[in-house]
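Next come the chains, spelled out residue by residue.
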Amino acid sequence: MQAWGVDQKIEGSIVTFMADPAATLTKALDMEMTHEGPPSVGIIGRCKRFAMHVDDEAIKTIKVSEGPDDPAGDTDPSATLADAMLEVVSKKD
């Protein structure tokens, strides 16, 4: 996570990268992939592609990029990209 943060130049920004190696948060948020998908890509147990807006320890918005045949959101990740989340956050103010 640290190397990814350095690569993405998030130091000093409002962005926080968080790891979840035991999937504790993933399961608590009900974001665990359960689609059978192709076994070769290891879908089961992975975290869904999601973005979350949290303010003062309260979840304000959760967006998930997934589809019936695209449980990982690879085909259309737009709901969880920065532009979409910035639009959601700007409407909250």
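It should be emphasised that the depicted structure is a prediction, and the values quoted were computed from it without experimental measurement.

1. Some words on the overall build of the chain
Counting secondary structure elements, the chain contains three helices and two strands. When the helices and strands of the chain are listed from N to C terminus, the series reads α-α-β-β-α. Each of the 93 residues in the chain was classed as buried or not, and the buried ones make up 24%. By sequence separation, contacts in the chain at least 24 residues apart represent 26% of the contacts at least 6 residues apart. Only carbon and sulfur atoms are counted for the fraction: they give 54% of the accessible area of the chain, which is about 7,100 Å².

2. What to know about the side chain of Thr26
Turning to its location among the elements, Thr26 is positioned in helix 2 (residues 24-28). Judged by its relative accessible area of 6%, Thr26 is buried. Looking at Thr26, its side chain comes within polar contact range of the side chain of Asp20, at 2.7 Å. Residues in contact with Thr26, not counting those within four places in the same chain, are Asp20, Met31, Glu32 and Cys47.

3. Topic: the environment of Asp69
Assignment of secondary structure puts Asp69 in the loop between strand 2 (58-65) and helix 3 (82-92). Here the alpha-carbon distance between Asp69 and His35, two residues 34 residues apart in the chain, equals 8.7 Å.

4. Section: the pairing of strand 1 (residues 49-55)
Both faces of the sheet carry side chains from a regular strand, because those side chains alternate between them. In this sheet, strand 2 lies alongside strand 1 in antiparallel orientation, the contact comprising seven bridges. The residue bridging Asp55 from the neighbouring strand is Ala58, located in strand 2. In sequence, strand 1 turns back onto strand 2 through a hairpin of two residues, with Asp56 there showing a positive phi of about 50°.

Rules and cut-offs
- Residues numbered from 1 in each chain as written.
- Predicted model: local features only at pLDDT ≥ 70, side-chain atom pairs only at ≥ 80, totals over all residues.
- Heavy atoms only, no water.
- Helix = DSSP H or I, 4+ residues; strand = E, 2+ residues; numbered from the N terminus.
- Buried < 20%, exposed > 50% of the residue type's maximum accessible area, 1.4 Å probe, protein only.
- Contact = heavy atoms within 4.5 Å.
- Areas by Shrake-Rupley, 256 points an atom, 1.4 Å probe, with all protein chains shown as cover.
- Polar contact = N/O pair within 3.5 Å; in protein donor to acceptor, adjacent residues only side chain to side chain.
- Pairing = 2+ DSSP bridges.

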